[in-house]
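So the chains spell out like this:
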Amino acid sequence: VASSPAPPLAEDKFIVSVEVSLKPSSTARIEDVKLAVERMLEKRNLSYVDGPIDIPLGDAFLVDNVQRICVCDTEEWVGNHDILLFWQVKPLVHVFQLSEEGPSEDLDGDSQLSSFSEWTLPAKEFDGMWESLIYESGLKQRLLRYAASALLFTEKGVDPFLVSWNRIILLHGPPGTGKTSLCKALAQKLRYVLDLDTHILSWWKLMHIHCSVAKLFQKIQDMVEEENNLIFVLIDEVESLAAARKAALSGSEPSDSIRVVNALLTQMDKLKSSPNVIILTTSNITAAIDIAFVDRADIKAYVGPPTLQARYEILRSCLQELLRTGILSSSQDGDGVILQSYACLTDKLATATTENSQSHWNISKYLLEAAEACEGLSGRSLRKLPFLTHAALVDSQCHDPTKFLRTMINTITRERSEI
Ligand code: ADP
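Just so it is clear, the structure is predicted and the values come from calculations on it, not from any experiment.

A. Local environment of the nonpolar core. Val233, Leu234, Leu315 and Leu367 are the most contacted members of the largest nonpolar core, which has 68 residues in total. The biggest single contributor to this core is helix α5 (residues 179-194), with seven residues. Judged by nonpolar contacts, the second largest core, of 14 residues, contains Val33, Val37, Met40 and Tyr48.

The following block contains the structure:
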């Protein structure tokens, strides 16, 4: 608490957004839910940190109607080490009904493979994804700010001849570092964030393109022509496009694919001129990528393997989930297992006291050791680790988190030797 920010004046509170997703079955009025959540927060008297908060079991209305309540973006105001006390905060509650439709897909006539999937935002599948992705601080905020500015320019009708912005985002980095997920989560997050001040856009869709087929663009173009639509186009692994183009230019590809690739690039150029499109692309190539449209990306962000802090927090969130579901428990610790945040742990280790020998510090220290052992593993591999560890245990219920973590460290060593 000593390091929390200086108390602001009463009328000058920190604004923190609180996202509330309704259960698909809920028929409650958004306004009523908003009021109920505001009242619940008033009574709550707990500090604000990013992440989900528990719905009080005694509040039948909220329990019946709400799927998840999540505190967001406190990091805007405080560093990693600090917390916001309840009286310093003015919560801004946004309530959303998640779309349960699931993706609609388009099957390619010849191959029967789906060429794209389309979601209405905010989609149930992406709920919680933004919070679950952990990167060095600033990356997610940078992308969010960029995309929000791009949409604001569109909304305000900025003349693209005077100020140019392309609305293309490129995330590149090794496989499994969360690029595709980050694109999806970003689209969903924008839906939440921008709901505040823009009511012009009524339909938000995410189209995930699986393979590069020019005819898709016709469909996108049709959707884009509706001014009330906002379309995110997600193209994974754009390098395949680059490779096809290079092969086409060198004459080693059949002329069919030359046509496809050229059509695609032309279509992308056409799309770019529509203000209600954001093109999200990912690439697994870590070196510089050199293709025509990628050069025009406004923002290129390198998404690398998770840092020690991110690895620790990813594993911590995995363990917390195992504790929540009862797969992992502690027989000795009556109060339940406490997994310290990375910031608390490193602070504590720096000021070693006898208190450090308490069992929950030990567990956190083992967790740190596991996170250290995972250097170089992708986020995707990290999220699989607890499962592999569990599969390596003899019992299906583990009552000793320290033992679980020791097994995890062995599993990491084994995984690494099998890469
Ligand atoms: P990419 O597109 O880079 O290959 P994905 O988006 O398919 O990666 O990532 C796969 C999964 O790995 C994600 O859904 C997520 O569960 C996990 N993951 C990867 N990186 C991270 C990270 N930095 N923080 C949290 N989870 C991550």
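B. Quick peek at the site of the ligand. Taken together, 19 residues are adjacent to the ligand, and Gly178, Thr180, Ser181, Gly379 and Arg380 come closest. Within the residue set of the shell around the ligand, elements represented by two or more residues are α5, α10 (308-324) and α13 (379-392).

C. Representation of the sheet that holds strand β4 (residues 89-97) in the model. With respect to topology, four strands assemble into an open sheet ordered β2-β3-β1-β4, the strand pairing being mixed. Sheet topology places β2 (51-53) and β4 at the edges, where each strand pairs with a single neighbour. This sheet shows a mean twist of 30° between the axes of neighbouring strands, independent of strand direction. Across nine bridges, strand β1 (residues 14-22) lies against β4 in parallel orientation. By the bridge assignment, Ser21 is partnered in β4 with Phe96. Against the sheet, helix α1 (residues 30-44) touches β1, β3 (66-72) and β4, its axis set at about 145° to β4.

D. Main features of unusual backbone geometry. The peptide bond linking Leu121 to Pro122 adopts the cis configuration, its omega dihedral lying at 0°. Checked against the element boundaries, Pro122 lands in the loop between β6 (114-120) and α3 (129-132).

E. Quick look at the environment of Leu186. Following the sequence through the fold, Leu186 ends up in helix α5. Taking the number of C-beta atoms within 10 Å as the measure of exposure, Leu186 has 26 and is therefore buried. Once the C-alpha coordinates of Leu186 and Gly379 are considered, the two residues, 193 residues apart in sequence, prove to be 17 Å apart. Ignoring any residue separated from it by four or fewer positions in sequence, one finds Leu186 in contact with Leu143, Leu144 and Ala147.

F. The confidence of the model for the protein chain, seen in detail. Overall, the predicted model of the protein chain reaches an average pLDDT of 78, with 75% of residues at or above 70. For this predicted complex, the interface confidence score (ipTM) comes to 0.93, while the overall pTM stands at 0.70.

G. Region of interest: the packing of α10 against α13. Two numbers describe how α10 lies on α13: the axes approach to 9 Å, and their chain directions differ by 30°. Put simply, α10 runs roughly parallel to α13. Handedness of the crossing formed by α10 with α13: right-handed. Contacts between α10 and α13 involve Arg311, Ile314, Leu315, Cys318, Leu319 and Leu322 from the former and Gly379, Leu382, Arg383 and Pro386 from the latter.

What counts, and at which threshold
- Residues numbered from 1 in each chain as written.
- Predicted model: local features only at pLDDT ≥ 70, side-chain atom pairs only at ≥ 80, totals over all residues.
- Core = buried A, V, L, I, M, F, W, Y, C linked by C-beta atoms within 7 Å.
- Buried ≥ 20, exposed ≤ 12 C-beta atoms within 10 Å, placed from the backbone.
- Helix = DSSP H or I, 4+ residues; strand = E, 2+ residues; numbered from the N terminus.
- Near = placed C-beta within 6 Å.
- Pairing = 2+ DSSP bridges.
- Axes fitted to C-alpha atoms, helices over the stretch in contact; angles between N-to-C directions.
- Contact = placed C-beta atoms within 7 Å.
- pLDDT = per-residue confidence, 0-100.
- Parallel < 35°, antiparallel > 145°, perpendicular 65-115°, else oblique.
- Left-handed = near helix turned anticlockwise from the far one by under 90°.

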